[in-house]
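Here is what each chain is made of, one letter per residue.
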Amino acid sequence: MYDRRTDEVPPTALTPTSAAHRPTTVERGSFCIARCVCGWSGPARRSRDRARTDAAEHLAAP
């Protein structure tokens, strides 16, 4: 098994609330997981698009 890091979440301008959050997606086999430097991680998804959506929702959360 391998870990391949992909920066599929488009970069956005940093705001004070998002400065501590930098979500990325990580592929593990046929699954894609959204993770953030704050320690948050989303569920494993087969859909990369859904993992990117999870990351965007985390970034937008207060």
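These notes cover the structure that comes with them. Here the structure is a predicted model, which is why all the values come from computation and not from measurement.

**Looking at the environment of Cys 36**
Working step 1: Along the chain, Cys 36 falls in the loop between strand S3 (31-35) and helix H1 (48-60).
Working step 2: Sequence separation between Cys 36 and Thr 24 is 12 residues; the distance between their C-alpha atoms is 6.2 Å.

**Let's talk about the pairing of S3**
Working step 1: In this sheet, S3 lies alongside strand S2 (residues 24-28) in antiparallel orientation, the contact comprising 5 bridges. In the sheet register, Thr 24 faces S3, and the bridge partner there is Arg 35.

**Describing the pattern of salt bridges**
One side chain can pair with another of opposite charge once the charged atoms of both are near each other.
Working step 1: Across all of its chains, the model carries 5 salt bridges by this definition.
Working step 2: Across the salt bridge formed by Asp 54 and Arg 50, the nearest N and O atoms sit 3.3 Å from each other. Taken together, the positions of Asp 54 and Arg 50, both in helix H1 and 4 residues apart, correspond to about one turn of that helix.
Working step 3: Looking at Asp 54, the relative accessible area reads 7%, which means it is buried.
Working step 4: One salt bridge in this structure joins Glu 57 and Arg 50, with 3.7 Å as the shortest N-O distance.

Rules used throughout
- Residues numbered from 1 in each chain as written.
- Predicted model: local features only at pLDDT ≥ 70, side-chain atom pairs only at ≥ 80, totals over all residues.
- Heavy atoms only, no water.
- Helix = DSSP H or I, 4+ residues; strand = E, 2+ residues; numbered from the N terminus.
- Pairing = 2+ DSSP bridges.
- Salt bridge = Lys/Arg side-chain N within 4 Å of Asp/Glu carboxyl O.
- Buried < 20%, exposed > 50% of the residue type's maximum accessible area, 1.4 Å probe, protein only.

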